[in-house]
Amino acid sequence: MAVGDLVRQRDLAWDREIIRIPGSIEGDLVKDKLFQAPALPRRPGRVSRFWHRLARRGGGEPETEALSLLQLLDQRHDIVTYGTPSAGRETVAVPFTHVVLLTATTGRFSGGLSADHRHEIEAAILDRFDQNIDPMTSVRIGSASSPTVEPGTVLAYFGRGIFVPKDGERPVGRVRVGSSLERLVEPSLLGSRPAGLYRGQSALAFASSLAVAPATVRLGVDDTAWFYLEGATGAGDTLALTPHEVPAMEPSREATSADALWRIELAHAQDDARYADRLFIEVTLDERPSRFLRSLPLGRPAFEIAGLRIGDDDIRGGTEAFWIDLDVDGYPLASAMTVRDASIVHDGRRTRRYSWRSYDYDSEQGAGFAIARDRDGWVFRPTSGRPLGYLAAPPEPTMASFQANWWTSPSYHLDWLDFCGCVENGTRIQGLADAHAHRPAVVMPSFATAPADEFPIGPLILRRSERDRP
C-alpha cells in the first residue's frame, strides 16, 4: 500500500507500537529485499483459506515475504485521521521514519553502521517519502552492534515507540525505572545515551534486552517483557503506560514531583528470583526551568500566560490563518507526549473550534476563547480571564530562545511553543517557536524586573502571577 493512499483501519494487522524485523546484511540495506517480514493478510481465496487452516493447526510454516527497508516502511506504516470539508473523515498512511538497525558484533557492520552509511539511508528514505515526513522529527537512523544479534543478520526496529535523537542532542525530560524511588535509573538507547524524552518524541518502548527493543533498562521482569509509554487522553492524565508480556500487576500512583509515577506490584504464581516484587516508573516531560506549567510552581515567583499573540509579521504574504492546539482540559500543548483534543482556528474572518475526537468543527465555534484584532496582529485569550498556564520566572534576566537546538545555549528556552500552535504563511506552516526563532533577541525578565502590566515575549503575553504581586 503506497504511503499517502487512503487506508481502512481494519487493513492494519500489525502492532504499530514497536515493529521488529530481521534481515540479512549481505546487500544494500535500503534497496535489496533483505528483510523477512510476516506476510500481510490478503483477500481469502480458496488456497489461502486452506493454507491458514493448516497454519493454525500447526501443519504449515507462517508465511513471510522478502522486502527492502523502503518497502517495509511503506507497508508497516502509521495512520493519521482528520476531517475534510467535502470528503468527511479521511485516514491516511504515514511512514515511520525513525529506524534503529542492530547488527552483530562480528562480521560486516560489527561496530554498527558508520555515520556516512546512516546518512545515505536517511537520504534515501527522505527522497522516497518526501511530503509524508514530519519536518519536526524528520528521518533518523540509529545503529549499534550487540551480541544478541546472530552473525550475518540485522534487526530493524521502527514504530511509534522508536525514537532516534539527533547527534549531540540532549533530552528535555526523562524516564526513570527502578525497584525503589531511591534506585531509579534511565533507560538507555543502544546502551550509550538516554532513551528519552527528547523534543518531538511522542512515545517510548523499552525492555530489558536489546533483542526486544533498542531502549533498555533493568526491569526485574522476564527479558521478553516490555513497556510502552505514550500520551493519554483522559482528563487529568498526562501519560499512559502499557505492559507487554508482563506478569499480572496493579499500577498505582504516589505523590511525587514528577509528571507521572507508576508503582507496579508484580504477582507471581511461583516465587522466582528473576523477578522483583515492585517496579517504579517515573516520567517528567520537561525538566527545564522554562517548561510550561499547568499550575503555579511552589516556592518560586511565576508569570501567568495571559494570552498568545500572532503578529502581522507571522502571517504576512499568505493566508491569515493560525491555530492553537489544546488538551482535553483546555490548556495549550507543550509536548509531543500531550494528546491534542481540540484546535482553535482563525482564518482572518472567523474563529472556530475543531474537535480531534469527532474530526470536525463542532458547534462551540471557539467557545471559551476570544481572538481580537489589535494594532499589529491578533490576540488569543480565554474569555474567563484564567491563565493559559504558567512559567517559573528566572532568578535573573535571561535571553529567551525559540531555537529548536535548545541544548546549544544556556537561554530561557521556549521551543515548546512549536507544539502549542502554528501559523500559516502562504504555503508554509510554522510552529509558534519556529516563527520567532530567527528574530531579534528578547530578554525574559526576572520577576523583580518584569513590567507591572502585561508584556510580550515572542508570541506569549505574560503578567506577574496574582499570588506573587506586591
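Whatever comes next refers back to the structure up there.
Right, let's walk through the structure included here.

The rules behind the values
- Residues numbered from 1 in each chain as written.
- Predicted model: local features only at pLDDT ≥ 70, side-chain atom pairs only at ≥ 80, totals over all residues.
- Heavy atoms only, no water.
- Helix = DSSP H or I, 4+ residues; strand = E, 2+ residues; numbered from the N terminus.
- Buried < 20%, exposed > 50% of the residue type's maximum accessible area, 1.4 Å probe, protein only.
- Contact = heavy atoms within 4.5 Å.
- Core = buried A, V, L, I, M, F, W, Y, C linked by side-chain atoms within 4.5 Å.
- 1 Å grid on protein atoms, 1.4 Å probe; cavity = no way out; pocket = protein on both sides within 12 Å on 5 of 7 lines; lining within 4 Å.
- Points joined across faces, edges and corners; volume = space filled by probe spheres on them.
- Nonpolar A, V, L, I, M, F, W, Y, C, P; charged D, E, K, R; others polar.
- Polar contact = N/O pair within 3.5 Å; in protein donor to acceptor, adjacent residues only side chain to side chain.
- Salt bridge = Lys/Arg side-chain N within 4 Å of Asp/Glu carboxyl O.
- Expected span 1.5 Å × (residues − 1).
- Arc of directions from axis to C-beta.
- Phe/Tyr/Trp six-rings, centres within 6.5 Å; stacked < 30°, edge-to-face > 60°.
- Pairing = 2+ DSSP bridges.
- Axes fitted to C-alpha atoms, helices over the stretch in contact; angles between N-to-C directions.

Turning our attention to the overall build of the protein. The helix and strand inventory of the protein stands at 4 helices and 33 strands. Counting only residues that meet the buried cut, the protein has 50% of its 470 residues in that class. When contacts within the protein are restricted to residue pairs at least 6 apart in sequence, long-range pairs at least 24 apart make up 63% of them.

The next point concerns the nonpolar core. Counting 45 residues, the largest nonpolar core has Phe 206, Phe 227, Trp 262 and Ile 281 as the members making the most contacts within it. Residue assignment for this core shows that the elements contributing at least two residues are strand S6 (98–103), strand S8 (153–158), strand S9 (174–178), strand S12 (203–207), strand S14 (226–231), strand S15 (239–244), strand S17 (260–266) and strand S18 (278–284). For this core, the element with the most residues is S12, which contributes 5 residues. By size, the runner-up hydrophobic cluster in this structure holds 37 residues, among which are Phe 303, Leu 388, Leu 432 and Ala 450.

Turning next to empty space enclosed by the protein. One pass over the structure, following the stated rule, counts 1 cavity of 30 Å³ or more. Considering only enclosed or pocket space, the largest cavity measures out at about 40 Å³ in volume. Around the largest cavity, the lining residues are Gly 161, Ile 162, Phe 163, Leu 189, Ala 195, Gln 201, Leu 204, Ala 205, Pro 214 and Ala 215. In terms of residue class, the lining of the largest cavity is built from 8 nonpolar, 2 polar and no charged.

Turning our eyes to something else, we now look at the environment of His 413. By the secondary structure assignment, His 413 is in strand S28 (residues 412–413). With a relative accessible area of 6%, His 413 lands in the buried category. Considered as a pair, His 413 and Phe 402 are 11 residues apart in the sequence and their alpha carbons are 6.2 Å apart. A polar contact of 3.2 Å, which involves the side chain of His 413, links it to the backbone oxygen of Trp 406.

Here the idea is simple: oppositely charged side chains can pair when their charged atoms come close. A full pass over the atoms with the stated rule returns 23 salt bridges. Between Arg 288 and Asp 286 there is a salt bridge, with its nearest N and O atoms 3.1 Å apart. A salt bridge links Asp 415 to Arg 288; its shortest N-O distance comes to 2.9 Å. Of this pair, Asp 415 sits in the loop between S28 and strand S29 (421–425) while Arg 288 sits in the loop between S18 and strand S19 (302–311); the two residues are 127 residues apart in sequence, bridging distant segments of the chain. In terms of burial, Asp 415 and Arg 288 fall into one category: buried.

Over its 15 residues, helix H3 (residues 115–129) extends 21 Å from the first C-alpha to the last, a length consistent with the 21 Å expected when each residue adds 1.5 Å. For H3, the complete set of buried residues consists of His 117, Arg 118, Ile 121, Glu 122, Ile 125 and Phe 129. The buried side chains of H3 occupy one side of the element, clustering within an arc of 140° when seen end-on. In H3, those exposed residues whose orientation departs by more than 90 degrees from the buried face are Asp 116, Glu 120 and Asp 127. Against the buried residues of H3 lie helix H2 (69–75), S6 and strand S7 (140–145).

Another point: unusual backbone geometry. Note the cis peptide between Gly 196 and Leu 197, where omega equals 0°. Tracing the backbone shows Leu 197 in the loop between strand S11 (193–194) and S12. Here Asp 130, not a glycine, exhibits a phi torsion of approximately 45°, which is positive. In this fold, Asp 130 is placed in the loop between H3 and S7.

Here we come to the packing of aromatic side chains. Here the structure, examined in full by the defined rule, presents 10 aromatic pairs. Ring geometry for Phe 303 versus Phe 455: centroids 5.4 Å apart, planes at 85°, classification edge-to-face. Residue Phe 303 is found in strand S19, and its partner Phe 455 is found in strand S32 (residues 455–457); the two are separated by 152 residues along the sequence. With respect to burial, Phe 303 and Phe 455 carry one shared label: buried.

Reading across the sheet, the 6 strands line up as S23-S22-S21-S20-S29-S30 and stay open at both edges, with antiparallel pairing between neighbours. Single-partner strands in this sheet number two, and they are strand S23 (360–361) and strand S30 (428–431).

Turning next to the sheet that holds strand S16 (residues 249–252). Overall, antiparallel pairing links the 4 strands, which are arranged S9-S18-S17-S16 in an open sheet. Looking at strand neighbours, the two that pair on one side only are S9 and S16, the edges of this open sheet. Taken pair by pair, the neighbouring strands of this sheet meet at an average axis angle of 15°, ignoring direction. Relative to S18, S17 runs antiparallel, the two being bridged by 6 bridges. Looking at the pairing, Leu 261 lines up with Glu 282 of S18.

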